[in-house]
Amino acid sequence: MLADPSELDRTASNMMPADAEIQQRLLFLEVTDEDIRLLRQIHPLLQPRLPEVIAGFYRHLQTMPVLRILLKDKAVLDRLHHLQASYFQSLTAGDYGPDYVRHRLRVGLAHQRIGLAPEWYIGAYRKYLGELGPLLQELMQDRPGQFLPTYNALMKVASFDMGLALDTYIKASRQQLRESEARFRGAFGQAAVGLAQLSADGRWLRANRKLLDIVGYTEEELRGMHVSDLVTPEDWQIDAPLLRALADGELETSSREKRYLCKDGRRIWVKATVTAMQPDGSHASLVAVVEDISQRKQYEEELMHLARHDALTGLANRTLLLDRVSQAIAQARRSGNQVAMLFLDLDRFKTINDSLGHDAGDRVVVEVGRRLKQAVRDADTVARFGGDEFVVLMPELPTEHIAAALAQKILNALFEPMLIHGHEVAPACSVGISLYPRDGADGKVLLKNADAALYQAKAMGRGNYQFYSEEMNARTLDRLTLESGLRHAVERGELQLKYQPQIDLASGDIIGAEALLRWHPAGQHLIMPDAFISIAEETGLIVPIGEWVLRTACAQQVAWRRAGLPNLRVAVNLSARQFRQPGLDAMVARVLADTGCPPGRLELEITESVLMERPDSAAQTLQRLSDMGVQLAIDDFGTGYSSLSYLKRFPINALKIDRSFVRDIAMHSADNDDGAIAAAVIALAHSMGLTVVAEGVETARQRDFLRALHCDQAQGFYFSEPMPAPALEHLFIKGEASK
Ligand SMILES: Nc1nc2c(ncn2[C@@H]2O[C@@H]3COP(=O)(O)O[C@H]4[C@@H](O)[C@H](n5cnc6c(=O)[nH]c(N)nc65)O[C@@H]4COP(=O)(O)O[C@H]3[C@H]2O)c(=O)[nH]1
C-alpha cells in the first residue's frame, strides 16, 4: 500500500537537510551554472520522450520476480508512474533548490514505504542513465560536441538525487527504529504482565514496573540479583538445568509454574516463561514473562481441598480417603505391616435429626468429627462419607489389637454425651473393621468389607465393634438387590415374625410379646430389620409389609389363645411412613375384624421422633386408634429428647424405656443421678397412668434394679431372645409348669 500523501509530505519535510547542506552537496558534486544551462537546454527536447523512458524503466523493474510482487497492485503502479513523470520533468528543469529536494525525498520515501530496497534504487538509476545516454545522443545529433558535457551534468544531478534517496532510506529506517523502540518501551513498561531481560547466566538486567510490583524489589536491587535469589531452593534445582539449556541454545523457551520469594518474605506463585533471544549466538540474552498466578493457585488449592474434603467437618472425603488407602497399602506392602479401615455410623442419628432438627444433626456430626480426630494418631485419616458415616484409616499397623483398641476408644468417646441446643445427646456408634492384607487388596474392597462388619456390629445390638470375616459377605447384599428382593418378599412368603416375650416384673409372668420382623430370602441368610426397614420405608414397601406384620401378629394372638395360652398382648412396631399413611386406622380395624384379635390385646409401638415430627396430626391419628380400643406405646423412650409432660397430649398407654437408657441406669447404683432420673421417669409415668416397659434387659442386676424402681414390665435377652411363635408357646408352657 502506498502511504498517505500528506503524511509523506510531512515526513519528507522533517527530513529536509538545511540549505547550506544542499549547497555543500551540489558543490561537492561540482554542479556548475554551465551544467544547469546545458540541462535546461536539453529539457524541452526530452519531455515528449519521457513516457517511453518511464515505461521501459518499469518494464525493467518487473523482470525481477521480487519487484513484480511489490508492483503488482495497479494503484501503486499508477501512482509511481505519476511520481516518476514529475520527477523526470524536474530532473532537467535546472532548479535544484529546497522544492526539488523535498520532492526527491518524497519519491524516495514512497519507494521505501512500499519496500523497494536501496539496491533496486541504485539499479534503477543505472537503468535511467543507461537509457538516457543513447537518447541524449540521438537528440543532440546536431551538437555532438555538447553531448558529453550534458550527459555529465545529468550524471551529477542523478548522483545528487541518489544521495537524497539514500538519505530517505537511512533516515526513515532510523525513524522506524526509534518508533518501534518507543513502542517497545511503552509496551514493556506498561505491560500487565511482568517482563524482564536476563543475561544468559541468569542475572536480572531490566525489569518492567509490573515485575517490580510483583516481587517488591526496585530495579536497582533486582539488577544486582541472580534468578536463583528469587526462587525457592526446590525450584532452583529444576530451573538451573533449564537455564543452562536456554543459554546453550538447546532450548528455545521454558515455561514453568513456581514460587517466587518476594522482598517482604512472602512466597507467591508465578508462571515464568523464559525465552532465549539468540539461541545460537554466543551472547544469548533471555527474556522472561512473569505472571502472578497466586490467586489462581489459591482457587485451585481451595477447589482441590473442596474436592477432597467434606464441607461440613473439613474431614477427608471418600476421594481423599481412597488416595490415602492406596498410599498406606503401598507402604504396608514394603514394611510388612497391616492397614486397618474402621467404618462407623451413629446409632441414633436419624432420631437426633428428626427430633432436634438438621442444624442439631450437623452440630452432632461436627462434634463427632472432632472427637474422632482427637481419638486417632496424627498419621491416621478420619473421613466423612456424608450423613452419619465416618471412616478411620490406620496405616502401619503392627497388630490388629491396636485397631480394636482404637475402635473401643471411639465407642467410649462417642458415648460421652454432648450438649446440643440445650439437650444432652450421646450419639453412640457401631464400628466395622477390615484389615489389609487379610480382608482385601485395595481400598474399595476394604471399605466394602468394613461396611459388612459394621452391618454385623449393628445386628449384634449396636454400640460395639466387629472385625470383618468372610461369612459376612453373604449378608451384605447391596441396596439394589435388597430393594428388588424386598418387592417380592411378601408374596414369596419370605417374611417371618419372631416374638420376644414381655415379662411382668412383679410376677415374672409372660404377659405379651413384641413381634419383630425377619426376612429370609430363599437360599440366603436371615436379614435383620435394621438392614431393610429403612429401604422399605423409602420405597413405600413398608405399607404392604407393615400390614402383613399386623395381620400375622394378630392372627398369632388368636392362635395362642386357641392353643390355651392366656389372652397375651401382641406388640407391633409402626414405622413413620406407616403412621402417616392415610387410612391407617381403617386398615387396623379391618385386620382386627378379619383375624378376630381383640383391640385391647394389640399394642402399637410408635417412636418418640415420629410423634414429634407432626404432633397435631399424630395426636389425631392416635386418638382414632385409641378410640378403637387399641393400646399405644411410645417406643425407644429416652432417645428422642421429648419430655414426659409433652407426651401428655397424646392418648398413650405405655412407655418403653430404650435399652441404652436401661444399660446406663443399670451401670450405676440407685443412689446415683442416673438411677434417680430413672426412678423419677418411672414415677412420673405412673402418675400419668402410663405402664412402663423396660427394653434390652440383659442381666439379673438390671432386672432387680428395675423391679426396685417399680418398673412394670420388661423384655430383653435376660428373659428371652426373640423366638418363633411355637418356641414362645413352649416357653410359656414350661414357665407355667415350673410354678
Ligand atoms: N442388645 C439387645 N437387644 C435386644 C435385647 N432384647 C431385644 N433386643 C432387640 O431390640 C430390638 C427391639 O425392637 P425395637 O426397639 O422396636 O427396634 C426394632 C424396630 O424398630 C424395627 N422393627 C422390627 N420389626 C419391625 C416391624 O415389623 N415393623 C417396623 N416398622 N419396624 C420393625 O427394627 C428394630 C430392630 O429389631 P431387632 O433387630 O429385631 O431388634 C429388637 C430386639 O431383637 C437385649 O436384651 N439386648
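Everything numeric in this text was worked out from a predicted model, so none of it was measured.

Engineer: Explain the sheet that holds strand 1 (residues 194–199) to me, please; I cannot follow it from the model alone.
Structural biologist: Sheet strands associate in pairs through backbone hydrogen bonding, adopting either a parallel or an antiparallel arrangement. If you walk across this open sheet you meet the five strands as 2-1-5-4-3, and the pairing is antiparallel. Each edge of the open sheet carries a strand with a single partner, namely strand 2 (204–207) and strand 3 (253–261). Strand-to-strand, the axes of this sheet are offset by a mean angle of 30 degrees, without reference to chain direction. Of the strand pairs in this sheet, strand 3 and strand 4 (residues 267–276) are connected by nine bridges, and their pairing is antiparallel. Bridge pairing in strand 4 places glutamate 257 opposite lysine 271. In the packing of helix 12 (residues 233–247) onto the sheet, the strands contacted are strand 3, strand 4 and strand 5 (285–292), and the crossing angle to strand 3 comes to about 150 degrees.

Engineer: Help me out: how do you make sense of the packing of helix 16 (residues 358–375) against helix 17 (residues 400–415) in this one?
Structural biologist: In a pair of packed helices, the angle between the axes and the distance between the axes together describe the arrangement. Interaxial distance between helix 16 and helix 17 falls to 10 Å at its minimum, and their mutual angle equals 145 degrees. Pair helix 16 / helix 17 crosses with right-handed handedness. Across the interface between the two elements, Val368, Arg371, Leu372 and Ala375 from helix 16 touch Leu406, Lys409, Ile410, Ala413 and Leu414 from helix 17. Taken together, the residues of the contact of helix 16 with helix 17 sort by class into seven nonpolar, no polar and two charged.

Engineer: It is not clear to me how the site of the ligand should be interpreted in this structure. Could you clarify?
Structural biologist: Lining the immediate surroundings of the ligand are 22 residues, of which Gln500, Arg518, Asn573, Glu698 and Phe717 lie closest. Between arginine 518 and the ligand, the recorded distance is 2.8 Å, taken from a side-chain N or O atom to an oxygen atom. Phenylalanine 717 is positioned such that a nitrogen or oxygen atom in its backbone is 2.7 Å from an oxygen atom of the ligand. Isolated, the ligand exposes 790 Å² of accessible area, and the fraction of that covered by the protein chains is 88%. At the level of elements, strand 14 (510–519), helix 21 (529–539) and strand 17 (631–637) are the ones that each hand at least two residues to the shell around the ligand. Looking at the shell around the ligand residue by residue, the class counts come to nine nonpolar, six polar and seven charged.

Engineer: Where do I start with the sheet that holds strand 15 (residues 569–573) in this structure?
Structural biologist: Spatially, 13-14-15-16-17-18-19-20 is the arrangement adopted by the eight strands of the closed barrel, whose pairing is mixed. Sheet analysis places strand 18 (residues 654–657) next to strand 19 (residues 691–694), joined by four bridges and oriented parallel. Among the inter-strand pairings, leucine 655 is bridged to a residue of strand 19, identified as valine 692.

Thresholds, definitions, all that
Residues numbered from 1 in each chain as written. Predicted model: local features only at pLDDT ≥ 70, side-chain atom pairs only at ≥ 80, totals over all residues. Heavy atoms only, no water. Pairing = 2+ DSSP bridges. Helix = DSSP H or I, 4+ residues; strand = E, 2+ residues; numbered from the N terminus. Axes fitted to C-alpha atoms, helices over the stretch in contact; angles between N-to-C directions. Contact = heavy atoms within 4.5 Å. Left-handed = near helix turned anticlockwise from the far one by under 90°. Nonpolar A, V, L, I, M, F, W, Y, C, P; charged D, E, K, R; others polar. Near = heavy atom within 4 Å. Polar contact = N/O pair within 3.5 Å; in protein donor to acceptor, adjacent residues only side chain to side chain. Areas by Shrake-Rupley, 256 points an atom, 1.4 Å probe, with all protein chains shown as cover.

Such coordinate-based values are descriptive only and should not be taken to indicate function.
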